[in-house]
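These are the residues of each chain, in order.
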Amino acid sequence: MTTAAPSRDAKAGPGAGTPGVPATSGRRIAGALLHDWAAVLSTGFLALVVLMAVCAPLITALTGHGPNDFDAAAIDTNLGGLPRGSLGGVSAEHLFGVEPQNGRDVFARIMYGARVSFLIAISATVLTTLLGVVFGMLAGFYGGWADQVISRVMDFLMAFPSLIFMIAILSSLPSGNRAVLLVVVISVFGWPYLARVVRGQTLTLVNREFVEAARASGASTGALVFKEILPNLRSSLIVMTTLAVPGYIGTEAGLSFLGVGVTPPTPSWGQMIASSVSWYAVDPMYFAIPGLFLFLTVLSLTVLGDRIRAVTDAGEAS
Amino acid sequence: MARYLAGRIAGLVLILFMVCLFTYLIFFKLSPDPAVMICGKTCTPERILQIRTLLGLDQPFFTQFWDFLSGLFAGRDYGSGANLIHCPAPCLGYSFQTSQSVWEMILDRLPVSATVAVGAAVLWLVIGIGAGLLSAVREGTWWDRTTMGLALGGASIPNYVLALALQYVLVVKLQILPFPSAVAFSDGPLLWLQSYLMPWIVLATGYACLYARLTRANVIDTLAENFMRTARSKGLAPVLTMRRHALRPALTPITTIFGMDFAALLGGALITETVFGLNGVGKMAADSIAKNDQPVIMAVTLLAAFFVVVGNVVVDLVYTGLDPRVRIR
Amino acid sequence: MSELLVVEDLTVTFPTTRGLVDVVKDVSFTVGRDETVGIVGESGSGKSMTSLAIMGLLPRGAVTRGSIRLNGVELLGRTDRQMRAIRGEQASMIFQDPLSSLNPYYTVGLQIEEMYRAHRGGSRKAAGKVVAEALAQVGIPEPDRRAGYYPHQFSGGQRQRIMIAMALVCSPALLIADEPTTALDVTVQAQILRLLAGLQKETGTGMVFVTHDLAVISSIAARVLVMCQGEQVEYGTAEQVFSEPRHEYTRMLLESIPRIDDEVVS
């Protein structure tokens, strides 16, 4: 008998000749996204933010204002430390103005804040995806008591008021490395949402003809999982992870906003917004700039995830 | 039915017990000695010992946990003799900060959280489902594209950013609304409405956007169903076709999601309440965390988990009433 | 005998990304009173579009040309409001998959009743009696009680019987059956075919029977229209078409039917 098990089903469309390869290739997704102005704009903005984050030390060396350098000349002590000049001290010297009271450069802090946000969000996404896929597939593939135990644990974690609990844990834990703690805590409460989907899809895949065919032809468990099931989960994983990143950027910023995120003086967008609360009436720019960056970053990632989903859905329907 | 319910309730109790145990364990292990904290700065070692005995902190972990659990159902006594303090049935202990009964604190603040949740829910259901419906019916038009674009945008604004932006525009610049403060309905309906308006809008925005997208997707899927073609082939009036045959199948799944979202909100809208200074359960949670007030943290965690798991069961029961295909065995 | 349904040069055009596509091209046929005409073709041959065009249920964007006359009245170019009075009352339709064609949220009784009342009005109680009669007519046992059941509580064959009861509740002059037996087991298929044939004789309804299955057509239709890629390739009495197919495509279709006298090739 031939080993060419049918990949997916008749839906797979062109390019479905090789076993187990989903119809949605990275190139096809990229091609479709290029024709969508919202997706292009989002990608452009994200590229800019990532570039700013990566080159932050270089750029601050050029401008001469580090994220924690005080600039007494840029603020007016007579006005309670408000930035000099209009719009929160926006000038050629300080592109996005300065913080009230200490005159730290907002531009530099935004760039360094982007590093923190992206690092934490991407690490948390990687960790949740890993946990979600492993536990979801274990539950879906083996069923029985493994499924029972994993499903109960997921129910338990999802019943937890995660925000309250995250804050409570983070505030009572010793300060240590806040970034790592944030990633761990976010992931522990985040993986069940992904695992639930993976479990469901694995359950249906396990009973599909091509998996049964592979099993009947003596494929090992490892081969079944990595060659038959995992490739078929790919498109939904791509969508879920792209949508998880903005979620975690928001969570990190929220926790930092509530004062349990990264510890000062390390800048973070959420923390910047939190410290701007007492100033927003007199220095709205101090609040608007990190707020806008946070909003646009989350929006861009969401738009991108949404469009990728549309493309993969269309790919499956064709 | 009775067996099903019994099973569900057993599962519910088990999960709540686990949440209890887990929370207690973490705060027992992680927190600094509460006795030192209660005692304050001018404190003698004798006084600390006294407080420890009073609260049972000198007991082993499981004894303490058992005392906590039995206090929930049967009440418990602190101290003895003349100093005896009785804490009646749902005993969640006393706040380390204010010495108030935690149960009474919750009863005090729940109405505020409920007001926030109910008002926001009404807003987001009306706006979200309305916009989603219109979008679905006008699929592909400029209205649809604009609404869905706005929905993506609205869902991307972190609620504290929206809260501050709204406050800046409505309170500082336009001065349409007064600075938000905790106002009771008895202080005057208009003032009450004004002070809750911003929290409602802030909380509802994200959900409304989500529900608009969800409604649109569900309605479009339903309109493509074969039974819609049947309904049209029967010569029914379009209004009846839409209302009876499309809306019910499209909106039924949304009740599940709504039930869960609403239940979660009853446990306190932490960020919104904190930003607007509303004395609800959410703000109580934030305050207790900031001050490491363990009995209160424990109570709000438990309360929120309670709403979530009970909400889960209620939603399942309601769903069996709404979808004839789902019947309890 | 005057014809019940006259279709002349019917063309249905769809706008697609590759420009305008004719899914039905110049199709003409007639259906007499209490006559059954079969439309045969593969999926995508345009046979379903032809039946939807008669009902005025084509998807948005479709353009129709030609003429469809029911009882001498032109149907093309009518407003949706005018078509609603015809759908269900003068012409009704049953579909391939009875489970998805019935709304899972409502009892079958209500779904039949709403159609009856949309055209005839009357109280719910009076309509309830009609519903029970209609269900009894298609062989549903205990029709009064079963009217209160939901679609998922019936078997596949019973669901199609319910669809038939619904389609016939207003005694339409024309019934369009679009692959009514395709989704059913072979034994149930035969029962449904017998039921349809019997009811047709009893009520004198004209029927358009759409299928991809020539074997089914031969047992029920007097005249047959064969369609291929939107075009009408053959039209005549069933005997003519089956015994001396003029078109290559019909021959192919006929050959694809497994026959008992075929020699078993090992």
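Residues numbered from 1 in each chain as written. Chains lettered and ligands numbered in written order. Predicted model: local features only at pLDDT ≥ 70, side-chain atom pairs only at ≥ 80, totals over all residues.

Assigned secondary structure in chain C consists of 11 helices and 10 strands. Relative to a compact globule of 266 residues, whose C-alpha radius of gyration would be 18 Å, chain C shows 19 Å and is just as compact. Judged by the C-alpha coordinates and their principal axes, chain C covers about 55 × 50 × 45 Å. Pairs at least 24 apart in sequence give 66% of the contacts found in chain C among residues at least 6 apart. (Helix = DSSP H or I, 4+ residues; strand = E, 2+ residues; numbered from the N terminus. Rg over C-alpha atoms; globule rule 2.2 N^0.38 Å. Contact = placed C-beta atoms within 7 Å.)

What follows deals with the overall build of chain B. If you tally the helices and strands in chain B, you get 13 helices and 2 strands. Dimensions of chain B, computed from C-alpha atoms along their principal axes, come out at roughly 85 × 60 × 35 Å. Burial statistics for chain B: of 329 residues in total, 38% are counted as buried. Of the contacts formed within chain B by residues at least 6 apart in sequence, a portion of 66% connects residues at least 24 apart. (Buried ≥ 20, exposed ≤ 12 C-beta atoms within 10 Å, placed from the backbone.)

Now for the UniProt feature "transmembrane region" (unreviewed entry) in chain B. All names here are of chain B. Within the UniProt annotation, "transmembrane region" (unreviewed entry) is assigned to residues 9–27, 112–137, 149–170, 190–210, 250–276 and 296–319. Across residues 112–137, the secondary structure splits into 100% helix and 0% strand, with the terminal C-alpha atoms separated by 37 Å. Counting secondary structure, residues 149–170 comes out at 91% helix and 0% strand; the distance between its end C-alpha atoms is 24 Å. (UniProt positions renumbered as here; feature names shortened; annotations may be inferred.)

Residue and element names in this part refer to chain C. Among the 5 residues that make up strand 3 (residues 36–40), 5 are buried, leaving the element largely enclosed by the rest of the structure. Burial of strand 3 is two-sided: the residues Thr36, Gly38 and Val40 facing one way and the residues Val37 and Ile39 facing the other way are all buried. Bridge count between strand 3 and strand 8 (residues 206–211): 5 bridges; the pairing is parallel. Note that in strand 8 the partner of Ile39 across the bridge is Val210. (Pairing = 2+ DSSP bridges.)

Below, the discussion takes up the interface of chain C and chain B. Taken together, the 23 residues of chain C in the interface contact 17 residues of chain B. For the side of chain C that touches chain B, the secondary structure elements donating two or more residues are helix 2 (80–86), strand 6 (91–94), helix 3 (98–101) and helix 4 (108–120) of chain C. Counting residues per element, the side of chain C that touches chain B draws most heavily on helix 4 of chain C, at 4 residues.

Glancing now at the pairing of strand 9 (residues 223–228) of chain C. Residue and element names in this part refer to chain C. Taking burial as the measure, the 6 residues of strand 9 include 6 buried ones, the bulk of the element. Residues Arg223, Leu225 and Met227 line one face of strand 9 and the alternating positions Val224, Val226 and Cys228 line the opposite face, and both faces are buried. Bridge count for strand 3 against strand 9 is 4 bridges, and the pairing is parallel. If you follow Val37 over to strand 9, its bridge partner there is Arg223. Pairing between strand 9 and strand 10 (residues 231–237): 6 bridges, direction antiparallel. The partner of Met227 across the bridge, within strand 10, is Gln232.

Attention shifts here to the UniProt feature "domain: ABC transporter" (unreviewed entry) in chain C. With numbering aligned to this structure, UniProt lists the feature "domain: ABC transporter" (unreviewed entry) at residues 5–254 of chain C. Secondary structure within residues 5–254 of chain C divides into 41% helix and 28% strand; the distance between the first and last C-alpha atoms comes to 27 Å.

Grouped together as the largest cluster of nonpolar side chains are 148 residues, with contacts concentrated most on Ile164, Met166 and Ile167 of chain A together with Ala299 and Val300 of chain B. No other element matches helix 4 (residues 106–142) of chain A, which puts 16 residues into this core. In this structure, Ala299 of chain B is in contact with Leu92, Val102 and Ile106 of chain B, ignoring residues within four places of it in sequence. Counting residues in each nonpolar core, the second largest holds 73 residues, with Val27, Tyr116, Val224 and Cys228 of chain C among its members. (Core = buried A, V, L, I, M, F, W, Y, C linked by C-beta atoms within 7 Å.)

So, on to the packing of helix 9 (residues 226–233) of chain B against helix 10 (residues 238–266) of chain B. All names here are of chain B. Closest axis-to-axis distance for the helix 9/helix 10 pair is 10 Å, and the angle between their directions is 155°. Judged on the interaxial angle alone, helix 10 and helix 9 are roughly antiparallel. The crossing of helix 9 and helix 10 is right-handed. Counting all contacts with helix 9, which are made through Phe227, Met228, Ala231 and Arg232, the residues of helix 10 involved are Thr241, His245 and Ala246. A per-class count over the contact of helix 9 with helix 10 returns 4 nonpolar, 2 polar and 1 charged. (Axes fitted to C-alpha atoms, helices over the stretch in contact; angles between N-to-C directions. Parallel < 35°, antiparallel > 145°, perpendicular 65-115°, else oblique. Left-handed = near helix turned anticlockwise from the far one by under 90°. Nonpolar A, V, L, I, M, F, W, Y, C, P; charged D, E, K, R; others polar.)

So, on to the domain arrangement of chain B. All names here are of chain B. As far as domains go, chain B holds domain 1 (2–91) and domain 2 (106–322). On a C-alpha basis, the centroid separation for the pair domain 1 and domain 2 is 35 Å. Contacts between domain 1 and domain 2 engage 12 residues on the former and 11 residues on the latter. Mapped onto the side of domain 1 that touches domain 2, the elements with two or more residues apiece are helix 1 (2–30) and helix 2 (34–39). Sort the elements by how many residues they give to the side of domain 1 that touches domain 2 and helix 1 lands first, with 9 residues. For the side of domain 1 that touches domain 2, the residue count by class is 9 nonpolar, 2 polar and 1 charged. (Domains from an automatic or database assignment.)

Moving on, we get to the interface of chain B and chain A. How big an interface is tends to be stated in terms of the accessible area lost upon association of its parts. Facing the 33 residues of chain B at the interface are 34 residues of chain A. In terms of residues, the side of chain B that touches chain A owes the most to one element, helix 13 (residues 294–322) of chain B, which gives 7 residues.

This part is about the environment of His119 of chain C. Turning to its location among the elements, His119 of chain C is positioned in helix 4. In contact with His119 of chain C, not counting residues within four places along its chain, are Gly235 of chain B together with Gly88, Glu89 and Cys170 of chain C.

Most of the time, phi is negative for any residue but glycine, and the peptide bond is trans. Residues and elements named next belong to chain C. Look at Asn71: it is not a glycine, yet its phi comes out positive at around 55°. Position of Asn71 relative to the elements: it lies in the loop between strand 4 (63–70) and strand 5 (73–74). Not every positive phi belongs to a glycine, and Glu142 is a case in point at roughly 50°. Within the fold, Glu142 resides in the loop between helix 5 (124–137) and helix 6 (143–146).

Right, let's get into the packing of helix 5 (residues 102–137) of chain B against helix 13 of chain B. Residues and elements named next belong to chain B. It is the contact of helix 5 with helix 13, at a shortest axis distance of 10 Å, that shows an interaxial angle of 50°. One element, helix 5, and the other, helix 13, form an angle in the oblique class. When the axes of helix 5 and helix 13 are compared, the crossing they make is right-handed. Here Val102, Met105 and Ile106 of helix 5 come into contact with helix 13, specifically with Pro295, Val296, Ala299 and Leu303.

So, on to the environment of Ile122 of chain A. All names here are of chain A. Topologically, Ile122 is positioned in helix 4. Here Ile122 falls in the partly exposed class, since 16 other C-beta atoms lie within 10 Å of it. Considered as a pair, Ile122 and Phe295 are 173 residues apart in the sequence and their alpha carbons are 17 Å apart.

What follows is about the confidence of the model for chain B. Averaged over every residue, the pLDDT of chain B is 83; residues scoring 70 or more account for 93%. By mean pLDDT, helix 2 of chain B is the weakest element of chain B at 69, and helix 5 of chain B is the strongest at 91. (pLDDT = per-residue confidence, 0-100.)

Looking at where Arg124 of chain C falls in the secondary structure, it is placed in helix 5. Measuring from C-alpha to C-alpha, the distance between Arg124 of chain C and Glu114 of chain C comes to 8.9 Å, with 10 residues separating the pair along the chain.

Residue and element names in this part refer to chain C. For chain C, per-residue confidence averages 86 on the pLDDT scale, and residues scoring 70 or more make up 96% of the total. When mean pLDDT is taken per element in chain C, strand 6 scores highest with 92 and helix 11 (residues 248–255) scores lowest with 76. Here the predicted complex carries an ipTM of 0.87, next to a pTM of 0.83.

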